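Summary of the model geometry
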Amino acid sequence: MEPHLLTVEEFLSNGFVLVGLLFVSVILRSAFNQRHMHWMAVDSVHVRSALQTTVYEKSLRLSTYAISGGEMTMGRITNHMSTDATAMLFLFQWLHHLWAIPIQVVVTLILLYFELGASALIGASVFLIVFPLQMSIAGAVSKIQKDILEFADDRLKHSNELLQGMKLLKLYGWEAIFGDKIEEMRKNEMKQVLKNNTCYSISNFLTLAGPILVTLIAYATYELLNGKPLTPEVTFSSLAFFNLLYAPIYNLPMALAFLANAVVSTRRLQAFLMAPEIDDDTSGNGNEQLQGELECFFSAEVTMEAVSYDDNTPLLYDKPPKMAPGYGAVDQSENKVVQGIETPKTPLGVAVMIKDGVFTWNAESETATLSDINVIIPEGKLTMITGNVGSGKSSLVAAILGEMTTLRGSVQVIQNRLCFAYAAQKAWLINATVRENILFGQSFNPQRYRSVLEACALLPDIDILPAGDKTEIGEKGINLSGGQKQRISVARSLYSHIGLVLLDDPLSALDVHVGSHLFEHGILGMLIKEKRTVILVTHQLQYLRYAAKVIVMKDGRISQQGSFQEVTGQDPELHNQWMDAVSDSDTESLEYKMDASLQQERQQLESLVKSMSMSNDFVTSHGDSEVGKLISAEEMESGSISARVYLYYMNAMGWPLVVLVALSYLTQSGLTLATNFWLSDWSNAGLITNGTTETEYIVGYAALSFTSIAATLVFCVCLLQALFQAANKLHHEMLWNVIAAPMRFFDTTPIGRILNRLSNDTRVIDIKMLESIDNTLYFAIAVLASFVAIAVVTPIFVVLVTPAFIGYYFLQKYYIATSRGLQRLESVTKSPVFAHFSETLGGLVTIRAYKEQVRFNQAILTKVDINNAAYLFLRTANRWLAFRLDLIASGVILIAGIATMISSLEFGVEPSLVGLAIVYALMISNYMNNLVRCATETEIQMNAVERVEYYTNIKREPYSGTRSVGDNWPQKGDISLENISVRYAEDLEPVLNNISLHFNPGEKVGICGRTGSGKSSLSLTLFRLIDTFEGHVFIDGIDISSVQLTTLRQRLAVIPQDPVLFTGTIRWNLDPKGHKPDDELWHSLEIAQLTNIVHSLTKGLDSDITEGGENFSVGERQLFCLARAFLRNSHVLVMDEATASIDTNTEEILQKVVQTAFEDKTVLTIAHRVSTILNCDTIIVMNEGRIMEYGTPETLLADPSSELSALVAANK
């Protein structure tokens, strides 16, 4: 050939040039692709964050009835925050695939047409069948995903109820009943998960089998339609195009699945966002002016100054700091009206005025909860609300707060902002320090703060804690007693700069000494002295004489109102009850006894702190910021996922299935490799004649293709079954291990953390593991097959590519160490988001009363931002890895291309094998990139298995027993405690020391004592809820440690301090086993004074109880717990503050019932109200875990210096 200028066509026909261009194009493609994926990851996080915060903001505005009425449950709302928001995140990450994939397929088919002609279109017609099938599967997945979410909502709702009421369930021995109920829901959920994963497997099968059929049809018809044989040039250029179709066919069902999930989630979110809200005037959220209106002030008669202090300002100081001027009285002339009703200003001296008020909880109901409410609350005075259980006391407070729907009438408040200091009947605390719970967003004023602590008798508690008032208290105050929780809740109201204070029966949780101190020094000594308006709901009738106004509720109406003298004059029965409850008291004696009580409580707390420090429950070794933490930090493993976790997961799958999956994957990949070598030989036959006919090649290629498809089907089915079996087993083991955990575990573990395992981690194991493990196995075998193919054609490739493989290894190792930590960090930072969300839902009324929505919303934003940072760092690390893997992969392509070109030119390697090697070289880079990505993703998702596995190994209660008892045990109720010492955990100090007691059959025993004296611990010993490490407890002569634990608890009856009802019918709540006939159920309701209430409901015993029993008052819930105990008909009954939340009249009736219905039963009664136990046969007075006094009431009261006499005097 004569020398000439090189044309473009000649330049591009050079193989080495094409290899170089291929190298450059791979790098450019990777750069654009990774940038696109990074941008979409950022945008998707924005969408998820927006949805999570929108759900939270909506929750802050949800009407009380939307939650208490069952329309919205905590489990469902939590799913909106997690599952639905995550579904939208994945949609935005895959959004552009929905339009790009069809374009990619069409362009590839056009290029194939130029190579193969009409046979390419005939082969591609397979996609006309595959694509509609994929679309149908996507539609089915959409419906299945909706069903999965609904079943998951239901399961999480009941799981949350299980965790919230775990103590009561263990006392009843009902945990297995609830576990079985959750298992039934799990079965329904897993049926849908199986359908979903089956759809994925079918889709995956079509994705893998489709291209095999396409190539078979295209190559089989090529010579027939084009009149010329296959050549390597045509075969392997078209094969490369066919391989390009794998990615879009694989990605399309995923993109459609994400779209289907997002559509379902969008509809769910729409329904949630349309749920009823409280009135905008009272929500305070999203109001631009609210930021400047967070402070609510005293009435104009009082001026209080506030000053900001550093958080480290000491509680005790030598000189009072200088106050900042200008903060104090404001004009109160403007009025706000609940439900947006415009009314005239309230008269002078009136704080709240309700005119012709008719209120209901359900906005869609015309049935009134409160009717004909006309009331005037005097400003700067104490107003008390009393009445029987269920009479509407708490509802009246809710109406003032704006939490009820106003059907008619108006509510006027003298403040220019609807801001209240509110202490709920069930104390609500946040997972923060004691100081943060009391300040609740207010600035710190040491002088006022100390006064509040003194008024609430909290100084002894705080002085003992390792970090003082900076000691962290747990979720819902789980580290505190009921009285301590309530005192902190009231302290929050006392400290706040709010002129209108609503206290919903806080005294019921306090013993007589502390209750008297709080009332005298807190309510009278601070609130009334400062001329703040106080509305106090109470059953403690001895305090009525201090009220400027008394309101008596009955059947949702105000039966009487006026001064104390006016009300008692009109109602002789109320006057008699008051006379029974009060008498003249000796103030000096009361003060002396109060100091003694606090001193004893302090000693008890010192013991507690010492024991917790020994057990490392207090973190004290990481600086001041960590001192005083009580909630254990969430466990987070370091380093790679342990081989133990992988073995645990494979064991859950079942080893036969594990082996079968591995063999089927190897078989499928080997058959695919054999098919391609057969194709290489076939195409080479187009250049030379080797004696094999076209038909034989087609038959051989078809046989290999169909066998490969069959192997694909086998591994899809085997993997589906293996992972489905593992998901079932892991959830089952985790659920039952958590249920069997001791109460100490629940005391130190936030519920949000456990729910995270049951929701997010479980969903990963149920659904996502199938995809990630499938991809990892597929690409691992594909890399091996590609390596073998290239090595067979070009052995030198093995040597040349070794540095690239070493680079892959170290890059992957370097990346996994980072990504693993980031994934764990992302998982751990997710828990606080859900814990804060759960906390907020529990205290919505309190947050709205104080107008703290903006602060709580800011808190969730901070937690979401922290979680997003971990997630975005993880995604950015993914992109960092992917680009570097693509750089190495492009080097592999360059090496493979040059090596095969040289082998062809210098060593005479057949063109068909050169083509095959280049095709595999193009694929191996993609396979290796995907292998590293999928292996990393699998290890990251194995973090979910690791977290679940951790919960399957927590310590369990000893349920088994060595001795069987008869069906009627205990028949007498004879109880003996012989030298018992009791502790809450093995690493804690005893709470009961060397106690020996004997209770005769049928004996009525009253147990009293100061807070922390060991009263409840003594009763819990009978149920083995805490550890009896010394001594023995005998019931009817049988050592209870030898009795099967569930049997023991089901044979005893208990009425707990905190009443708990569960979602379901009244019938199911009373008798979840369904063994009792209706007449016994009605008899138990009659004994508990609930017959009229249940008869008034449309469905009677089959009426629904909403989550947490929120459609009944606290007192009514307590009565239902009484009915449960009566229905059990045990010879041993423990009443732990069972009458704390009911009125005196109902309590007297119940005491008479106990004396008759349980005449021949042994009854242990723990009470703050001493009057509750004065008619007992025997009274025990406890202090610091020891018996101080033990005898008949007459004997103990005969001694004026006895502890019982002091308690009686304090109660007067």
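The following paragraphs examine the structure supplied in this document. It should be emphasised that the depicted structure is a prediction, and the values quoted were computed from it without experimental measurement. (Residues numbered from 1 in each chain as written. Predicted model: local features only at pLDDT ≥ 70, side-chain atom pairs only at ≥ 80, totals over all residues. Heavy atoms only, no water.)

Secondary structure assignment for the protein chain yields 38 helices and 22 strands. Looking at the protein chain residue by residue over its 1212 residues, the buried ones come to 59%. Partitioning the contacts of the protein chain with sequence separation of at least 6, the portion at a separation of at least 24 is 83%. Counting every atom, the protein chain has about 47,900 Å² of accessible surface; 58% of that belongs to carbon and sulfur. (Helix = DSSP H or I, 4+ residues; strand = E, 2+ residues; numbered from the N terminus. Buried < 20%, exposed > 50% of the residue type's maximum accessible area, 1.4 Å probe, protein only. Contact = heavy atoms within 4.5 Å. Areas by Shrake-Rupley, 256 points an atom, 1.4 Å probe, with all protein chains shown as cover.)

Turning our attention to the packing of aromatic side chains. Taken as a whole, this structure holds 25 aromatic pairs when the rule is applied. Aromatic pair F519 and Y543: ring centres 4.3 Å apart, planes at 20°, arrangement stacked. Here F519 is found in helix α17 (residues 512-528), whereas its partner Y543 is found in the loop between β8 (533-537) and β9 (549-554), with 24 residues between them in sequence. Judged by relative accessible area, which is 8%, Y543 ranks as buried. (Phe/Tyr/Trp six-rings, centres within 6.5 Å; stacked < 30°, edge-to-face > 60°.)

Turning our eyes to something else, we now look at empty space enclosed by the protein. Taken as a whole and judged by the stated rule, the model has 15 cavities of 30 Å³ or more. Its boundaries defined by the atoms lining it, the largest cavity holds a volume of some 400 Å³. Residue lining of the largest cavity: 27 residues in total, with Y246, T672, N676, Y778 and Y927 positioned closest to the centre. Elements that contribute at least two residues to the lining of the largest cavity include exactly α8 (175-226), α9 (232-244), α22 (655-684), α23 (694-739), α25 (751-793) and α29 (911-951). When residues of the lining of the largest cavity are assigned to their parent elements, the largest contribution, seven residues, is made by α22. Among the residues forming the lining of the largest cavity, the class breakdown is 17 nonpolar, ten polar and no charged. (1 Å grid on protein atoms, 1.4 Å probe; cavity = no way out; pocket = protein on both sides within 12 Å on 5 of 7 lines; lining within 4 Å. Points joined across faces, edges and corners; volume = space filled by probe spheres on them. Nonpolar A, V, L, I, M, F, W, Y, C, P; charged D, E, K, R; others polar.)

Along the chain, S493 turns up in helix α16 (residues 482-495). Exposure remark for S493: the relative accessible area of 0% places this residue in the buried category. Beyond its immediate stretch of four places on either side in the chain, S493 contacts A421, Y422, A423, V501, L503, R532 and Y850.

With that settled, consider helix α26 (residues 796-842). When the terminal C-alpha atoms of α26 are compared, their 68 Å separation across 47 residues agrees well with the 69 Å that a helix rising 1.5 Å per residue should span. Largest kink in α26: about 40°, centred on T802, with the proline P803 one to four residues after it. (Expected span 1.5 Å × (residues − 1). Bend = angle between axes of the 7 residues up to and from the residue.)

This brings us to the sheet that holds strand β11 (residues 975-983). Sheet strands pair via backbone hydrogen bonds, and the direction of the pair is either parallel or antiparallel. Ordered by their spatial adjacency, four strands build an open sheet running β12-β11-β14-β15, and the pairing between neighbours is antiparallel. The open sheet has two edge strands with one neighbour each: β12 (992-999) and β15 (1038-1039). By the bridge criterion, two bridges tie strand β14 (residues 1027-1035) to β15 in an arrangement that is antiparallel. By the bridge assignment for β15, F1034 is matched with D1039. On top of the sheet, helix α30 (residues 1015-1022) reaches β11, β12 and β14; it is set at about 65° to β12, its chief contact. (Pairing = 2+ DSSP bridges. Axes fitted to C-alpha atoms, helices over the stretch in contact; angles between N-to-C directions.)

The next thing to look at is the side chain of T1021. Inspection of the secondary structure assignment puts T1021 in helix α30. Discounting residues that sit within four places of it in the chain, T1021 has contacts with I980, V982, L992, I1026, T1028, V1033 and I1040.

Now for the pairing of strand β21 (residues 1178-1183). Counting buried positions over the six residues of β21 gives six, a clear majority of the element. Here β21 shows no split at all, with T1178, I1180 and M1182 on one side and I1179, V1181 and N1183 on the other all buried. Summarising the sheet, strand β13 (residues 1004-1009) and β21 pair through five bridges and their orientation is parallel. Following the sheet pairing, I1007 is matched in β21 by I1180. Where β21 hands over to strand β22 (residues 1186-1191), the hairpin turn is made up of two residues, of which E1184 adopts a positive phi near 50°.

Next up on the list: the sheet that holds β22. Taken together, six strands build an open sheet; the order of strands is β16-β19-β20-β13-β21-β22 and the sheet is mixed. Two strands in the sheet have a free side with no partner beyond their single neighbour: β16 (1053-1055) and β22. Each adjacent strand pair in this sheet contributes to an overall mean axis angle of 15°, direction not counted. Direction of pairing for β13 relative to strand β20 (residues 1162-1166): parallel, over a ladder of four bridges. For V1005, the partnering residue across the bridge sits in β20 and is L1164. The strands touched by helix α35 (residues 1114-1128) within the sheet are β16 and β19 (1132-1136), with β16 carrying the most contacts at an inclination of about 170°.

In the structure shown here, the tally under the stated rule is 28 salt bridges. R155 is paired through a salt bridge with E189; the nearest N and O atoms lie 2.5 Å apart. Taken as a pair, R155 in helix α6 (residues 118-164) and E189 in helix α8 lie far apart in primary sequence, 34 residues in all. By the burial criterion, R155 is buried, and E189 matches it. (Salt bridge = Lys/Arg side-chain N within 4 Å of Asp/Glu carboxyl O.)

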